[in-house]
Each structure stands twice: as structure tokens, then as C-alpha cells.
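# Architecture at a glance
Read off the chains here:
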Amino acid sequence: MAAHKLLLLPGDGIGPEVMAEVQRLIDWLNAQGIAHFETEHGLVGGAAYDAHKASISEDTMAKAKAADAVIFGAVGGPKWDSVPYEARPEAGLLRLRKELGMFANLRPAVCYPALADASSLKREVVEGLDIMIVRELTGGVYFGEPKTITDLGNGQKRAIDTQVYDTYEIERIARVAFDLARKRRNKLTSMEKRNVMKSGVLWNEVVTQVHAREYRDVQLEHQLADSGGMNLVKSPKQFDVIVTDNLFGDMLSDEAAMATGSLGMLPSASLGAPDAHGRRRALYEPVHGSAPDIAGKGIANPIATIASFAMCLRYSFDLGDAAGRIERAIADVLDQGLRTADIKQEGCRTVGTREMGEAILAALDRQA
Ligand code: IPM
Ligand code: MG
């Protein structure tokens, strides 16, 4: 069996705790002979800054480029609030996304039946929800130049961020989204702000052209990102796949997360373009952050990171069966009434990170 090379970057805060549960899952898959993973570890974010004054080292970047996939925990925390902007923890993640060319960020928002009451939205609004947000990840205002703060000399400063998109960037993310829609319920909603932004005008135009040229069989609709956001909390089940830019995708995916019960449930995949062998650079990470307030307490929810690893099996290694088994194991454990603190519920048992990880492994063992 060919070895799959994984780089694990736990990062800061609860990152190491949730990553430990993924490591146990990897060991389990190896022991079962389902796959043969070789893992390496590296520092990123504040942890990397503490070790070598940069949010990711050249050595770790090289390891990420050599790996078949990167599994990422979370970065950031108040400890690093005053480090230089270029070395802030988030810069390590942004550098990975940009230098590995991972322009397509897939953020599924699925409401497990057992959690429909954990959402801040009504059960009937979220029960059975299964949507996919496709966020452009290497362009837009995150990376556009100029990006500056200048002193105007009159007691005023001027801050500039630049939102910029080229046709090819919109085309390639649109194709990823249309392809996904074809494998799902065949509906794509594109979101932008064409009523105030030139980048929104171009976004709308290019998505419309790609649809007319290559994906006429998929149902396409356009929504302005503000009312799209409203629709996400009003009637999220109207959506199948949503495609949007980097900044709107950042916001809309956090919003969609709450429909599922907790940010602690949401996985994500960041993918590059396929090479000549069909392989894509890939990074998998939970949508939640480093949660410094609960770090080190052993109470963080590991499900988003475990589900991200399931996405890794599916998208990087074509191990869809194993991915499905892990997703079923997560659903089983929730059905049994086990909850971490973020999704705790009356009549259910609140467990810690380790116990949740162990319960998912036990559920996998029962399936075998
Ligand atoms: C996310 C995060 C990141 C982002 C931060 C940590 C830079 O919020 O992945 O959604 O803004 O993209
Ligand atoms: Mg975010």
C-alpha cells in the first residue's frame, strides 16, 4: 500500500488538543490496514512565533509543500496581540494558503439530526440542513495590494485594503462550485455585491458566462451578499452550493456554522488546482479558531477537526468509504447523547475532548 504523507500543524490554543484526537484516528486507520499514513509535525501561528519569531518557518513551509496533505488546527490568541503585523499568527495560515495555491475553500454546513435543537435557529429551519459554501481563498481583499496604513501628516491616517479579482480567479472557483453542485442537488447560488463593487460586477458576469458555456444543466441564481446572509438565517435549506469571494465567504461560513449548532462542528478543505496526475495541494482545518478561553482544559469539541480529516480521506486519498464511516461514527456518538460543552444539551452527557475522540473510535470499532 502506498504511503500517504501527512503534515500535522496543531497550532495554538485548542489546536493541539483537537489534533491529538485526529492522531489517534490516524493510528487506528493504520492499525486496521485501511491506509498507510506517515505523519510529520510542525509549528504554526503563535507557537511558531515563540520558537523562531515567524508565524511559520521556511522548514515547515517546505514540509507542507512536500506533504500529500496538511491537517491544520487553529492559530492565534491574546498572547500574540502585540507581535508585528507580518508575524501575527494568522499570517502563517495565509502564507500556506497563498504559496500552496489553495484557492478553493469548501465549507460544508450539515446539521446532524441530534443537534437540531443546539442551533440558535428553530429546529424546523435547520433540521436536515446540508449546504456547501465554496469560498475563494487566495484572492480578494485578503491579498490585494496596496494594503497600507499611511500617516497623512495632519493628525489623520489612511487605511487601504484592495479588493481585486481577475477573470481566471473567478472562473476556476466557479468551476469547482458548479462541479460540486452536479454531485449534489444541482443548484448553485453565487453571492457578491455588484450593486456597490466593481469586483462584484465582474464576479457576476464571469459566473454567468461559465454557466452558459459549461454548466447549463446546473440551476444558477445570484444573490447580493447582504440579502444572501439574511436568507442563510431565514431559510438556509433553500441553498445547495454557495460560491462567493474570500471576505464574504469568511463571514457567511461563520453564519452558516451557527445553523448547524456550533462552530465546533464545521470542517473545511482548501484545495489547489489538480496537477498532471490529478493531485491537488490540500489543507484541511476546522472552521473554528483557537478558542484561547478554553485552551488546555480538555473540553474543546474535536468533531470539526475529525470531520476535516474525513474530508481529507475523501478529497486527497479517494478513501470515500473510510470518510463515510467516520461521518457515521460522529452521527452515532451524537445519537447516543454524548456532547462536548459547546453543544451541551439537557438529557445528554457532557464529555471532554478525549472522551469524545474515544467514543468516535469505539463507534468505528463497532461498525467494523
Ligand atoms: C477562517 C479564519 C481565517 C480567515 C483567519 C484565522 C485568518 O477566520 O479561516 O475563516 O479569516 O480566513
Ligand atoms: Mg473565519
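Keep in mind it's a predicted model, so treat the numbers as computed, not measured.

## Observations concerning helix H7 (residues 198–214)
Helix length check: H7 (17 residues) gives 24 Å between terminal C-alpha atoms against 24 Å at 1.5 Å per residue, within 8%. Ser199, Gly200, Trp203, Asn204, Val206, Val207, Val210 and His211 are the residues of H7 that are buried. Close packing links the buried residues of H7 with strand E5 (130–136), helix H6 (167–183), strand E8 (187–192), strand E9 (219–224) and strand E10 (241–244).

## A word on the nonpolar core
In terms of nonpolar packing, the biggest core is built from 70 residues, with Leu6, Phe37 and Phe309 touching the most fellow members. Among the elements that make up this core, the one with the highest residue count is helix H10 (residues 303–317) (nine residues). Apart from the residues lying within four places of it in its own chain, the contact partners of Leu6 are Ile26, Phe37, Glu38, Thr39, Glu40, Ala69, Ile71, Phe309, Cys312 and Phe317. Residues Leu129, Phe239, Phe248 and Val287 belong to the second largest nonpolar core, which totals 20 residues.

## With respect to the domain arrangement of the chain
One can read the domain layout of the chain as domain 1 (1–118 + 262–368) and domain 2 (126–260). Centre-to-centre, using C-alpha coordinates, domain 1 lies 24 Å away from domain 2. Each side of the interface is counted separately: domain 1 has 24 residues, and domain 2 has 28 residues. Regarding the contact of domain 1 and domain 2, the summed buried area is about 2,300 Å², with carbon and sulfur atoms giving 64% of it. For the interface between domain 1 and domain 2, the tally reads zero salt bridges. Summed over the shared surface of domain 1 and domain 2, the number is eight residue pairs in polar contact (both at pLDDT 80 or more). Counting residues per element, the ones that place at least two in the side of domain 1 that touches domain 2 are helix H4 (89–99) and strand E4 (104–110). With seven residues, E4 is the largest single contributor of residues to the side of domain 1 that touches domain 2. Along the lines of polarity and charge, the residues of the side of domain 1 that touches domain 2 split into 17 nonpolar, four polar and three charged.

What counts and what doesn't
- Residue positions are given per chain, counting from 1 as you read along its sequence in written order.
- Key to labels: chains lettered from A, ligands numbered from 1, both in the order written.
- Thresholds applied to this predicted model are a pLDDT of at least 70 for local features of residues and 80 or more for the giving and counting of side-chain atom pairs; totals over whole chains, interfaces and linings are not thresholded and use all residues.
- Working from all heavy atoms in the structure, the side-chain values ignore hydrogens and water.
- In DSSP terms, a helix is any run of H or I states spanning at least four residues, a strand is any run of E spanning at least two, and both are numbered starting from the N terminus.
- In this analysis, the expected span of each helix is defined as 1.5 Å times one less than the number of residues it contains.
- Throughout, exposure labels follow a simple rule: accessible area from a 1.4 Å probe, protein chains only, divided by the maximum for the residue type, with under 20% read as buried, over 50% as exposed, and the rest as partly exposed.
- Only heavy atoms matter for contacts: two residues are in contact if any of them lie within 4.5 Å across the pair.
- Here, nonpolar core refers to any group of buried Ala, Val, Leu, Ile, Met, Phe, Trp, Tyr and Cys residues whose side-chain atoms link them within 4.5 Å.
- For the domains described, the bounds stem from an automatic or database domain assignment.
- Throughout, the accessible surface (probe 1.4 Å) given up by two parts as they are put together, summed over both, is called the buried area.
- Any carboxyl oxygen of Asp or Glu that lies within 4 Å of a side-chain nitrogen of Lys or Arg is treated as forming a salt bridge with it.
- Contacts described as polar in this section are N or O atom pairs within 3.5 Å, which, within protein, must combine one atom able to donate a hydrogen with one able to accept it, while residues neighboring in sequence count only if both atoms come from side chains.
- Residues are grouped as follows: nonpolar covers Ala, Val, Leu, Ile, Met, Phe, Trp, Tyr, Cys and Pro; charged covers Asp, Glu, Lys and Arg; every other residue, Gly included, is treated as polar.

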